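This is what each chain is made of:
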Amino acid sequence: MPDWKVQEYSRFAGQQQIHGAFKDTWGNAKGNEYDLIRDNTMKGREVLILRLYHCNLNLTEAALKKKGFTVTILSVMPSPNVFQKHLDKASQLWIISSSISYLKTTP
């Protein structure tokens, strides 16, 4: 996996107001060029999403891919060995769940 580099940040990183930028509904600068991370700079990094609660991740997955991430979405908890293999490749793990317990404890 490549080392984290400052060049991955956009030139607008850390700025709370960007003069001349249009704003979205929430008051953030609108447009990918204003994101913290520049597009295609996360190549070689994977986000593993364990989705235990059904929700649509199409926009999330597209946004992550635009930044260069590889995205793997698991909709069921795999065996510990398979899960470990996924974790070994991932740079981030996202768990999407609800108030219902989906994971079983083992003795």
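Residues numbered from 1 in each chain as written. Predicted model: local features only at pLDDT ≥ 70, side-chain atom pairs only at ≥ 80, totals over all residues. Heavy atoms only, no water.

1. A look at the nonpolar core
Consideration 1: Counting nine residues, the largest nonpolar core is built from Ile37, Met42, Val47, Ile49, Leu57, Leu64, Phe69, Val71 and Ile96.
Consideration 2: Core analysis: the next-biggest nonpolar cluster, separate from the first, contains six residues, Leu48, Leu52, Leu74 and Phe83 among them. (Core = buried A, V, L, I, M, F, W, Y, C linked by side-chain atoms within 4.5 Å. Buried < 20%, exposed > 50% of the residue type's maximum accessible area, 1.4 Å probe, protein only.)

2. So, the layout of surface pockets
Consideration 1: When its volume is computed, the largest pocket comes out at roughly 260 Å³.
Consideration 2: Every residue lining the largest pocket is counted, 17 residues in all, and those nearest its centre are Gln15, Ile18, Asn28, Ala29 and Tyr34.
Consideration 3: Here the lining of the largest pocket is built from residues that sort into eight nonpolar, seven polar and two charged. (1 Å grid on protein atoms, 1.4 Å probe; cavity = no way out; pocket = protein on both sides within 12 Å on 5 of 7 lines; lining within 4 Å. Points joined across faces, edges and corners; volume = space filled by probe spheres on them. Nonpolar A, V, L, I, M, F, W, Y, C, P; charged D, E, K, R; others polar.)

3. Here we look at the packing of aromatic side chains
Consideration 1: With the rule as written, the count across this model stands at one aromatic pair.
Consideration 2: Note on Phe12 and Tyr34: the rings are 4.9 Å apart at their centroids and 65° apart in plane angle, and the pair reads as edge-to-face. On the criterion of sequence distance, the pair formed by Phe12 in the segment before β1 (46-51) and Tyr34 in the segment before β1 is long-range, its members being 22 residues apart.
Consideration 3: A relative accessible area of 21% places Tyr34 in the partly exposed class. (Phe/Tyr/Trp six-rings, centres within 6.5 Å; stacked < 30°, edge-to-face > 60°. Helix = DSSP H or I, 4+ residues; strand = E, 2+ residues; numbered from the N terminus.)

4. A few points about the environment of Phe83
Consideration 1: The residue Phe83 is located in helix α2 (residues 80-89) in this model.
Consideration 2: Taking relative accessible area as the criterion, Phe83 reaches 13% and is therefore assigned buried.
Consideration 3: Ignoring sequence-local partners within four residues, the contact set of Phe83 consists of Leu48, Leu50, Leu74, Met77, Pro78 and Leu93. (Contact = heavy atoms within 4.5 Å.)

5. Regarding the pattern of salt bridges
Two side chains that carry opposite charge are able to pair once their charged atoms sit near each other.
Consideration 1: Going through the model one piece at a time under the given rule, you end up with four salt bridges.
Consideration 2: In this structure, Arg45 engages Glu8 in a salt bridge whose closest nitrogen and oxygen atoms are separated by 3.1 Å. Of the two residues, Arg45 sits in the segment before β1 while Glu8 sits in the segment before β1, which places them 37 residues apart along the sequence. One exposure class covers both Arg45 and Glu8, and it is buried. (Salt bridge = Lys/Arg side-chain N within 4 Å of Asp/Glu carboxyl O.)

6. Observations concerning the environment of Leu57
Consideration 1: Relative to the elements of secondary structure, Leu57 occurs in the loop between β1 and α1 (58-66).
Consideration 2: For Leu57, a relative accessible area of 7% gives the class buried.
Consideration 3: As a C-alpha pair, Leu57 and Ile73 span 16 residues in sequence and 9.0 Å in three-dimensional space.
Consideration 4: Residues within four places of Leu57 in sequence aside, it is in contact with Ile49, Arg51, Ile73 and Ile96.

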